[in-house]
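Overview (structure and organization)
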Amino acid sequence: MEALNERAAELGERLKAQGQTVAVAESSSGGLISAALLGVPGASKYYLGGAVVYTGKARMVLMDLPREAVAGMRSASEPYALLLARTARERFGATWGLSETGAAGPTGNGYGDAAGHTCIAISGPMEMAVTLETGESDRAANMVAFSAAALDLLRRAVG
């Protein structure tokens, strides 16, 4: 968590300095992205909220995205990650939406992705989605790696 906290502290300072906000929709990171962002004193200046969207039911209840909205999308894909990021940004009225969706391990997911696969996206003044493959089956290590990559992606975008 120390590495995540350092990333989040730097990101939080940038967000506060620019008067920007973030909302998070995360899956395989299990809340670590939000925990890191909220671990920074003054997080209420930039963190508007988030959700762990780990199941289809969570997607419907927490993000108000019915099956029809994701028809034809794999949940651990860049298009799905972008949809989650956009939805988080819009629902919270944030400057940025940040999302993560993947397979932490120790096995892959039902879509054929190996453990260590995740897609991360940001939506805001710019949009971007990336895929990360750690090649590892260690669930906890992947959760940290996914969270670090998400924070880094937003940090690069914020400048």
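Structure's up top.
These lines cover the structure that appears in this document, whether it is placed above or below.

Conventions adopted
Residues numbered from 1 in each chain as written. Predicted model: local features only at pLDDT ≥ 70, side-chain atom pairs only at ≥ 80, totals over all residues. Heavy atoms only, no water. Helix = DSSP H or I, 4+ residues; strand = E, 2+ residues; numbered from the N terminus. Rg over C-alpha atoms; globule rule 2.2 N^0.38 Å. Buried < 20%, exposed > 50% of the residue type's maximum accessible area, 1.4 Å probe, protein only. Contact = heavy atoms within 4.5 Å. Areas by Shrake-Rupley, 256 points an atom, 1.4 Å probe, with all protein chains shown as cover. Lys, Arg positive; Asp, Glu negative; His and termini not counted. Charge placed at Lys NZ, Arg CZ, Asp CG, Glu CD. Expected span 1.5 Å × (residues − 1). Pairing = 2+ DSSP bridges. Axes fitted to C-alpha atoms, helices over the stretch in contact; angles between N-to-C directions. Parallel < 35°, antiparallel > 145°, perpendicular 65-115°, else oblique. Left-handed = near helix turned anticlockwise from the far one by under 90°. Nonpolar A, V, L, I, M, F, W, Y, C, P; charged D, E, K, R; others polar. Core = buried A, V, L, I, M, F, W, Y, C linked by side-chain atoms within 4.5 Å.

**Description of the overall build of the chain**
- Counting secondary structure elements, the chain contains five helices and five strands.
- Helices and strands in the chain line up, N terminus first, as α-β-α-β-α-α-β-β-β-α.
- By the compact-globule yardstick of 15 Å for 159 residues, the chain fits well, its C-alpha radius of gyration being 14 Å.
- Along the first, second and third principal axes, the C-alpha set of the chain runs to 40 × 35 × 25 Å.
- Of all 159 residues assigned to the chain, the portion counted as buried reaches 49%.
- For the chain, the proportion of contacts with a sequence separation of at least 24, taken over those separated by at least 6, is 65%.
- Taken as a whole, the chain presents about 7000 Å² of accessible surface, with 53% of it coming from carbon and sulfur.
- Within the chain, the 16 negative side-chain charges are centred at a point lying 6 Å from the centre of the 14 positive side-chain charges.

**Notes on helix α4 (residues 78–92)**
- For α4, with 15 residues, the first-to-last C-alpha span of 21 Å sits near the 21 Å given by 1.5 Å per residue.
- Buried within α4 are the following residues: Y80, A81, L82, L83, L84, A85, T87 and A88.
- Summarising the contacts, the buried residues of α4 are in contact with β1 (22–26), α3 (56–63), β3 (96–103), β4 (117–123) and β5 (127–133).
- At the exit of α4 stands G93, carrying a positive phi of roughly 65 degrees.

**Some remarks on the pairing of strand β2 (residues 47–52)**
- Of the strand pairs in this sheet, β1 and β2 are connected by five bridges, and their pairing is parallel. What sits directly across from A25, in β2, is A51.

**Considering the packing of α3 against α4**
- Taken N-terminus to C-terminus, the directions of α3 and α4 make an angle of 25 degrees; their axes are 11 Å apart at the nearest point. Between α3 and α4, the angle falls in the class roughly parallel. As α3 runs across α4, the sense of the crossing is left-handed. Judged by residue contacts, R59, L62 and M63 of α3 engage Y80, L84, T87, A88 and R91 from α4.
- For the contact of α3 with α4, the per-class residue count stands at five nonpolar, one polar and two charged.

**A short note on the nonpolar core**
- Of all hydrophobic cores here, the largest spans 28 residues; its most connected members are V22, L37, Y46, W96, L98, L151 and L154.
- At the level of secondary structure, the elements contributing two or more residues to this core comprise α1 (2–18), β1, α2 (32–38), β3, β4 and α5 (139–158).
- At nine residues, the largest contribution of residues to this core is made by α5.
- If we skip the residues at most four places from it in the chain, L98 touches V22, A23, V24, A25, I33, A85, I120, A121, I122, A150 and L154.
- In this structure, M63, V70, L83 and A94 belong to the second largest nonpolar core, which totals 12 residues.

**Overview of the sheet that holds β1**
- Pairing is mixed across the open sheet formed by five strands, whose spatial order is β2-β1-β3-β4-β5. Edge positions in the sheet fall to β2 and β5, since each has one partner strand and no second. For this sheet, the mean inter-axis angle between neighbouring strands, taken without regard to orientation, is 10 degrees.
- Bridge count between β1 and β3: five bridges; the pairing is parallel. Across the sheet, E26 pairs through a bridge with E100, a residue of β3.

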